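Geometric and topological summary
The residues making up each chain are set out below.
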Amino acid sequence: MSHSYPEHVTIVDVSPRDGLQNESMTVPTAIKQALIEDLIAAGIKKLEATSFVSPKWVPQMGDNSELMTALADTRRDDVIYSVLVPNMRGFDNAIVHNPDEIVIFGSASETFSQKNINCSIDESIERFAPVAAAALDAGIKVRGVISCTVGCPYEGEIDPSQVAYVTKRMVEIGAEQIGIADTIGVGTPIKVQRALQAALEHIAIESITGHFHDTYGQALSNTLAALQLGVSEFDTSVAGLGGCPYAKGATGNVATEDVVYMLHGMGISTGIDLDKLVVAGERISEFLGRRNDSNVARAIINKRQS
Ligand code: HMG
Ligand code: MG
């Protein structure tokens, strides 16, 4: 079987948002800002800075406005700063900070939708519709991310038809890109391809992105499986940070370092400097007192030390 891989892949580093939202310790705004600046110094051109969700639900993102204000002085025109927005309240709070992109986030699992955003799938679309319309009106990009596209912590396996349904609804309300998320990292390559193919019924491959958590160690394989279908944008997290407070047991996203190493090894460009990326991952891991969860970062550091 031969595949034609994309020549360039866009990496969306989600560590400031997905990576830190699940941390038990409070991460100071200045540390988040330093992480974002380190990522940009490494060549990251698109990142999820924060989320404008309820601070009662996710206290770790409660400094969303402070962080966006702190970033304002050094914002770069060539970097896309994305923020998650669950409803109009979040949009109103976000818009004053001129985000480049807003992310509406739904679920292919009815139960996860209830647990994560306190409403059904159909209700979530009703809430997202005015958000997407207002963002497009203001010239802001709109991406939709769908959680639990292969498996759900509450419902188990998810049928691809659910992914097709939510993709269709999100595209109808204006989502320009659709992210296919394996929230709890249970997916394996063929299942992930089935979820992607379901989304493909309603949106072109160029507009589909992958978001794979690595709980079962499958995320890099799933990334390759998505690349083989032609997906060319991935959400990844430096040092493999990440998790969702409403998906217990889920660990981090696939590590940005691991994806970049794989892509560069395949001759696919990312514009990212791997050594600088390793520095970014080491700094935040040290601050959090966590082992760096990127295999590539650990290998590079060990080699340097020996
Ligand atoms: P709710 O309680 O149903 O909302 O929460 P509500 O409208 O009834 O409001 C309740 C209170 O929250 C009110 O305050 C609102 O003002 C306030 P009170 O009157 O009690 O003082 N409120 C807000 N405050 C700030 N910003 C807002 C906002 N909205 C309401 N935007 C809601 C519904 C969606 C707000 C809540 O469920 C929520 O915030 N959920 C967020 C959950 C979350 O952030 N999960 C993690 C991100 S998703 C993820 O990680 C998955 C992803 O990575 C992909 C994958 O891996 O699958 C993207
Ligand atoms: Mg996630």
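Residues numbered from 1 in each chain as written. Chains lettered and ligands numbered in written order. Predicted model: local features only at pLDDT ≥ 70, side-chain atom pairs only at ≥ 80, totals over all residues. Heavy atoms only, no water.

Binding of the magnesium ion (ligand 2) to the protein goes through Asp18 (OD), His211 (NE2) and His213 (NE2), at separations of 2.1 to 2.3 Å. Counting along the primary sequence, the residues that act as donors to the magnesium ion (ligand 2) give the motif D-x192-H-x1-H. Here His211 lies in strand β9 (residues 208–212) and Asp18 lies in helix α1 (residues 15–21), a separation of 193 residues in the sequence. For the residue pair Asp18 and His211, the accessibility class agrees, reading buried in each case. (Donors = N, O, S within 2.8 Å, 3.2 Å for Na, K, Ca; no water. Helix = DSSP H or I, 4+ residues; strand = E, 2+ residues; numbered from the N terminus. Buried < 20%, exposed > 50% of the residue type's maximum accessible area, 1.4 Å probe, protein only.)

For the rest of this paragraph, the subject is the site of ligand 1. Among the 28 residues in the neighbourhood of ligand 1, the closest are listed as Gln21, Arg89, Asn118, Ser147 and Thr183. One nitrogen or oxygen atom from the side chain of Arg17 is found 3.0 Å from an oxygen atom belonging to ligand 1. Note that an oxygen atom of ligand 1 is positioned 2.3 Å from one of the side-chain N or O atoms of Arg89. Taken together, the elements giving at least two residues each to the shell around ligand 1 come down to α1, α4 (88–95), α5 (110–117) and β5 (141–147). Of the residues that constitute the shell around ligand 1, the class distribution is twelve nonpolar, eleven polar and five charged. (Near = heavy atom within 4 Å. Polar contact = N/O pair within 3.5 Å; in protein donor to acceptor, adjacent residues only side chain to side chain. Nonpolar A, V, L, I, M, F, W, Y, C, P; charged D, E, K, R; others polar.)

With that settled, the discussion passes to the packing of aromatic side chains. Per the counting criterion, the structure on display carries two aromatic pairs. For the pair Trp57 and Tyr246, a centre-to-centre distance of 5.3 Å together with 55° between the ring planes defines the contact as tilted. Remark: Tyr246 occurs in the loop between β10 (233–236) and α10 (256–265) and Trp57 occurs in the loop between β2 (46–51) and α3 (64–72); sequence separation between them is 189 residues. The class for Trp57 is partly exposed, based on a relative accessible area of 32%. One residue, Arg75, lies across the ring of Tyr81, its end atom 4.5 Å from the ring centre. (Phe/Tyr/Trp six-rings, centres within 6.5 Å; stacked < 30°, edge-to-face > 60°. Lys NZ or Arg CZ within 6 Å of the ring centre and 35° of its normal.)

On to the sheet that holds strand β8 (residues 177–182), then. Judged by pairing direction, the barrel is parallel, and its eight strands sit side by side in the order β1-β2-β3-β4-β5-β8-β9-β10 before closing back on the first. Neighbouring strand axes in the sheet, compared pairwise and without regard to direction, differ in orientation by 25° on average. Sheet strands touched by helix α2 (residues 29–41): β1 (10–13), β2 and β3 (80–84). Its angle to β2, the strand with the most contacts, is close to 170°. (Pairing = 2+ DSSP bridges. Axes fitted to C-alpha atoms, helices over the stretch in contact; angles between N-to-C directions. Contact = heavy atoms within 4.5 Å.)

Below, the discussion takes up α4. Buried residues of α4: Gly90, Phe91 and Ala94, and no others. The buried side chains of α4 occupy one side of the element, clustering within an arc of 100° when seen end-on. Looking at the buried positions of α4, the neighbouring elements they touch are β3 and α6 (121–137). (Arc of directions from axis to C-beta.)

Attention now goes to the confidence of the model for the protein chain. In the predicted model, the protein chain carries a mean pLDDT of 96, and 99% of its residues have values of at least 70. Here helix α12 (residues 295–305) stands out as the element of the protein chain with the lowest mean pLDDT, 95, in contrast to β8, whose mean of 99 is the highest. (pLDDT = per-residue confidence, 0-100.)

What follows covers the pairing of strand β4 (residues 101–107). Where burial is concerned, most of β4 is hidden: seven out of the seven residues are buried. Both faces of β4 are covered, namely the face carrying Glu101, Val103, Phe105 and Ser107 and the face carrying Ile102, Ile104 and Gly106. Where β3 meets β4, three bridges bridge the pair, whose relative direction is parallel. Bridge assignment links Leu84 to a residue of β4, and that residue is Val103. Taken together, β3, α4 and β4 form a β-α-β motif whose crossover is right-handed. By the bridge criterion, seven bridges tie β4 to β5 in an arrangement that is parallel. Looking across to β5, one finds that Ser107 is bridged to Ser147. (Right-handed = clockwise from strand over helix to strand, strands pointing away.)

Below, the discussion takes up the nonpolar core. Counting residues in hydrophobic clusters, the biggest one holds 96 residues, and the most contacted among them are Ile102 and Met170. Apart from residues no more than four positions distant in its own chain, Ile102 is found in contact with Val83, Val85, Val131, Ala135, Ile140, Lys141, Val142 and Arg143. (Core = buried A, V, L, I, M, F, W, Y, C linked by side-chain atoms within 4.5 Å.)

On to a negative patch on the surface, then. Together, Glu110, Glu123, Glu126 and Glu155 make up a region of like negative charge exposed at the surface. Mapping Glu123 onto the fold places it in helix α6. For Glu123, a relative accessible area of 40% puts it in the partly exposed group. (Patch = residues over 30% accessible without salt bridge, like charges linked within 9 Å, V, L, I, M, F, W, Y side chains within 5 Å. Areas by Shrake-Rupley, 256 points an atom, 1.4 Å probe, with all protein chains shown as cover. Salt bridge = Lys/Arg side-chain N within 4 Å of Asp/Glu carboxyl O. Lys, Arg positive; Asp, Glu negative; His and termini not counted. Charge placed at Lys NZ, Arg CZ, Asp CG, Glu CD.)

Quick look at unusual backbone geometry now. Phi at Asn98 is positive, roughly 50°, even though this residue is not glycine. Structurally, the position occupied by Asn98 is in the loop between α4 and β4. One non-glycine residue with positive phi stands out, namely Ala239, at about 60°. With respect to the helices and strands, the residue Ala239 is situated in the loop between β10 and α10.

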